[in-house]
Amino acid sequence: LLVECLLADMSGSNGGAMYLEGVTILFETVLENNTAIKSGGAVYTSGNFYAFNSEVNSNVASDSGGALYMELKASVITNTTFDGNKNTGVTGTGGAIHARSMFSFSLEESLIVNSATSTTGGAIMLEFSSLTSINTHFLNNTASSGGSIYCLGDNGFQINGSSFENNHAAWG
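**Observations concerning the sheet that holds strand β4 (residues 18-20)**
Taken together, six strands build an open sheet; the order of strands is β4-β8-β12-β16-β19-β23 and the sheet is parallel. Each having just a single partner strand, β4 and β23 (149-152) make up the two edges of the open sheet. For this sheet the average axis-to-axis angle between neighbouring strands, irrespective of direction, equals 5°. Across three bridges, the pairing between β4 and strand β8 (residues 43-45) is parallel. The residue of β8 that forms the bridge with Leu20 is Thr45.

**What to know about the sheet that holds strand β20 (residues 131-134)**
Judged by pairing direction, the sheet is parallel, and its seven strands sit side by side in the order β1-β5-β9-β13-β17-β20-β24 without closing on themselves. One side of each edge strand has no neighbouring strand; the edge strands of this open sheet are β1 (2-3) and β24 (157-160). In this structure, strand β13 (residues 74-78) lies alongside strand β17 (residues 104-108), joined through five bridges in parallel fashion. Looking across to β17, one finds that Val76 is bridged to Ser106.

**Observations regarding empty space enclosed by the protein**
Under the criterion given, the structure shown has one cavity of 30 Å³ or more. There is about 50 Å³ of room inside the largest cavity. In terms of lining residues, the largest cavity is bounded by Leu26, Leu31, Val43, Phe49, Ala51, Val56, Ala67, Leu68, Thr80 and Phe82. Partitioning the lining of the largest cavity into residue classes produces nine nonpolar, one polar and no charged.

Parameters at a glance
- Residues numbered from 1 in each chain as written.
- Predicted model: local features only at pLDDT ≥ 70, side-chain atom pairs only at ≥ 80, totals over all residues.
- Heavy atoms only, no water.
- Pairing = 2+ DSSP bridges.
- Helix = DSSP H or I, 4+ residues; strand = E, 2+ residues; numbered from the N terminus.
- Axes fitted to C-alpha atoms, helices over the stretch in contact; angles between N-to-C directions.
- 1 Å grid on protein atoms, 1.4 Å probe; cavity = no way out; pocket = protein on both sides within 12 Å on 5 of 7 lines; lining within 4 Å.
- Points joined across faces, edges and corners; volume = space filled by probe spheres on them.
- Nonpolar A, V, L, I, M, F, W, Y, C, P; charged D, E, K, R; others polar.

Following this line, the structure appears as structure tokens:
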């Protein structure tokens, strides 16, 4: 549990600020200017991940998930802003978030803005993962495919009351 924490200017191989395997809860926490050589500019997790009222800004990964790389479990992200996250590798995916094999991923009352990748999923890359997006705004995200969201595999996602504005991709 991290409450009112700042994790900034950190670097690592996977997860610039944190590499996690268990249940993690962030509340009113800021993750900014972190860098991962591989995936998860700020966080790499294979455990249940929950973030509430937090900010995840200006993080960079070379591979996947400019800010957050999640796999295998469940995630709930509520009232959280992702701003200016990106990945810089030629095969990198998910400018802000890469979700791989997630059986449950809920994004509520959040904002993903100014995220970028050179390949798929300017804001989010879903790789065999489900997504429920409620009242979330996707703004000014960029990728070659899927300016906002790119889905790979039979994901099953639901979008309610969310907005998509000024997102760009050559395909989709």
